[in-house]
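Chain residues, written in single-letter form:
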Amino acid sequence: MQKTTFLLFLLCLPLLHNAQTLKGKVYDSKGTIKNIKVYNNTQNRLTLTNEEGDFSITAKVADSITFESLFYHKKTIVLEDIHFKGTFVFELKEILNELDEVEIKAEPEQPVFTEETYNNDLQNILKEDIKNNPHLYQPCNANGSVNILAVIDLVAKLFKNDDKYVAPVYQPITYTQMDSLFNKSDFFNKDLMTKDLKIPEDKTYLFYDFCEAKQISTKLLKDENKMQLLEELVLNSQLFLILLEQYSEEALTKD
C-alpha cells in the first residue's frame, strides 16, 4: 500500500510542476499600460492587463506568450523558469507616427484582427464586466436569463427619467451617432464592422444599441482619438459576440 501511494505521488509531481500561474506587469517608456492582450499561444488562453498593468494567466515553462495591442508592437516570448519567480516585468514599445501614414492614403488601411473571440478567458472578461457593471446585466425573465434588448431599454430609461442627472462635458455616444459614424466615416465603415469586428450584418443595429448602453464617451469621436475609439469597439464587440453565442445556446436548449 505504501509503495502504491509513493508511486502515485511520483506520477503527480510533473503535473504539479506544470500547473503554474504566470504573474506579470506590462510597462512602456511612460509607465504601466492597461488593456494589453496577453495570449498563451500554447494553451490557447487569453487575458487583459488591468488598470495597473498587472495580469495573471495559466502557463508553464516553454509556453509561448504574446503581448498585443493596437498601439504597441507585438511581442512574443518563450517562458523560462525565471518568469515564474514572483511578478515578472514585461516592456512593450509604442507604435509611433503610423496614424499619419494611414491618413494620407486614398483608401485607409483597415486594421486586421485575427484573434479568436470564443475561448474560456474571454468568458472571464465578460464575467468581470458583469461584476463591474451589474445594472447592465440584471435578469428580467422568469428563467433568470438576460434579455439584451431589455438591458438596453433599461439603461436608456435611466438616462431619460433621472431628473437629477447632470450631463458631463462629454456625453455617451448615442445609437444615432454610431449609425452616422459607420455611414459617413472612411475609417469606421461597414467592412470594419463585419470583417474586423466580426459583427453579423443583421446584428449591426443591435450592436449600436449595445455600445450606447456601454456609455462610450463622445470625446472619442474626435479624429485624434479614433484609435482609442477603435480599441473600445474591439473590446465591446468581443463581449457582444459572447452574449450572442450564449443566447443562441439558450434558444437551442429550449427548442
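Residues numbered from 1 in each chain as written. Predicted model: local features only at pLDDT ≥ 70, side-chain atom pairs only at ≥ 80, totals over all residues. Heavy atoms only, no water.

### Structural notes on the overall build of the protein chain
What the protein chain contains, in helices and strands, is 8 helices and 7 strands. Residue burial in the protein chain is summarised as follows: out of 255 residues, 37% are buried. Summarising the internal contacts of the protein chain: among those between residues at least 6 apart in sequence, 61% fall at separations of at least 24. (Helix = DSSP H or I, 4+ residues; strand = E, 2+ residues; numbered from the N terminus. Buried < 20%, exposed > 50% of the residue type's maximum accessible area, 1.4 Å probe, protein only. Contact = heavy atoms within 4.5 Å.)

### Regarding the packing of helix α5 (residues 175-184) against helix α7 (residues 204-213)
A pair of packed helices can be characterised by two numbers: the angle between their axes and the separation between those axes. It is the contact of α5 with α7, at a shortest axis distance of 8 Å, that shows an interaxial angle of 130 degrees. By the angle class used here, α5 and α7 are oblique. α5 and α7 meet at a crossing whose hand is right-handed. Two secondary-structure elements touch here, α5 through Tyr175, Met178, Asp179 and Phe182 and α7 through Tyr205, Tyr208, Asp209, Cys211 and Glu212. Grouping the amino acids of the contact of α5 with α7 by side-chain chemistry returns 6 nonpolar, no polar and 3 charged. (Axes fitted to C-alpha atoms, helices over the stretch in contact; angles between N-to-C directions. Parallel < 35°, antiparallel > 145°, perpendicular 65-115°, else oblique. Left-handed = near helix turned anticlockwise from the far one by under 90°. Nonpolar A, V, L, I, M, F, W, Y, C, P; charged D, E, K, R; others polar.)

### What about the packing of aromatic side chains?
One pass over the structure, following the stated rule, counts 12 aromatic pairs. On the basis of an interplanar angle of 45 degrees and a centroid distance of 6.0 Å, the ring pair of phenylalanine 55 and phenylalanine 90 is categorised as tilted. Residue phenylalanine 55 is found in strand β4 (residues 54-59), and its partner phenylalanine 90 is found in strand β7 (residues 88-91); the two are separated by 35 residues along the sequence. The same class applies to phenylalanine 55 and to phenylalanine 90, which are both buried. Through successive ring pairs, a cluster of aromatic residues spans Tyr175, Phe182, Phe187, Phe188, Tyr205 and Tyr208. Note that lysine 226 overlies the ring of phenylalanine 187, its terminal NZ or CZ placed 4.5 Å from the centroid. (Phe/Tyr/Trp six-rings, centres within 6.5 Å; stacked < 30°, edge-to-face > 60°. Lys NZ or Arg CZ within 6 Å of the ring centre and 35° of its normal.)

### Brief notes about the side chain of asparagine 40
In this fold, asparagine 40 is placed in strand β2 (residues 37-40). Its relative accessible area of 0% is what places asparagine 40 among the buried residues. For asparagine 40, the side chain forms a polar contact with the main-chain nitrogen of glutamine 43, separated by 3.0 Å. (Polar contact = N/O pair within 3.5 Å; in protein donor to acceptor, adjacent residues only side chain to side chain.)

### Here's the deal with the pattern of salt bridges
A side chain of one charge can pair with a side chain of the opposite charge when the charged atoms of the two come close. Within the structure shown, the criterion is met by 5 salt bridges. Between glutamate 94 and lysine 30 there is a salt bridge; the shortest N-O distance is 3.9 Å. A residue pair is termed long-range when its members are at least 10 positions apart, and glutamate 94 in the loop between β7 and α2 (98-103) and lysine 30 in the loop between β1 (20-27) and β2 qualify at 64 residues. Lysine 60 serves as the salt-bridge partner of aspartate 63, at 3.2 Å between the closest nitrogen and oxygen. Overall, the relative accessible area of 1% leaves aspartate 63 in the buried class. (Salt bridge = Lys/Arg side-chain N within 4 Å of Asp/Glu carboxyl O.)

### Some points on the sheet that holds β4
A sheet is described by the order of its strands in space; here 3 strands give the open sequence β4-β1-β7, paired in mixed fashion. Strand pairing shows two members of the sheet lacking a second neighbour, β4 and β7, which therefore form its edges. On average, each strand axis in the sheet is inclined to that of its neighbour by 40 degrees, with strand direction left out of account. (Pairing = 2+ DSSP bridges.)

### Some words on the environment of leucine 239
Structurally, the position occupied by leucine 239 is in helix α8 (residues 226-254). When its relative accessible area of 8% is taken as the criterion, leucine 239 is described as buried. Sequence-wise, leucine 239 and phenylalanine 210 are 29 residues apart; in three dimensions their C-alpha atoms are separated by 9.7 Å.

### Re the pairing of strand β5 (residues 64-69)
The element β5 is extensively covered by neighbouring structure, given that 5 of its 6 residues are classed as buried. By the bridge criterion, 4 bridges tie β2 to β5 in an arrangement that is antiparallel. When the sheet's bridge partners are listed, valine 38 is paired in β5 with phenylalanine 67. Counting the residues in the hairpin turn of β5 and strand β6 (residues 72-78) gives 2 residues.

### A short note on the confidence of the model for the protein chain
Model confidence for the protein chain is summarised by a mean pLDDT of 75, while 61% of its residues fall at 70 or above. Overall, residues 98-115 carries pLDDT values under 50, and its contacts beyond four positions in sequence, including any with other chains, amount to 28 contacts. (pLDDT = per-residue confidence, 0-100.)

### Remarks on the nonpolar core
General note: in soluble globular proteins, nonpolar side chains tend to be found buried as a group. In terms of nonpolar packing, the biggest core is built from 28 residues, with Phe182, Phe188, Leu197, Phe207, Leu229 and Leu233 touching the most fellow members. Among the elements of the structure, α5, α6 (190-196), α7 and α8 are those that each provide at least two residues to this core. Of all the elements, α8 adds the most residues to this core, at 11 residues. In this structure, phenylalanine 182 is in contact with Phe188, Asn189, Lys190, Leu192, Met193, Leu197, Tyr208 and Leu233, ignoring residues within four places of it in sequence. Counting residues in hydrophobic clusters, the runner-up holds 16 residues, among them Ile33, Ile36, Leu79 and Leu92. (Core = buried A, V, L, I, M, F, W, Y, C linked by side-chain atoms within 4.5 Å.)

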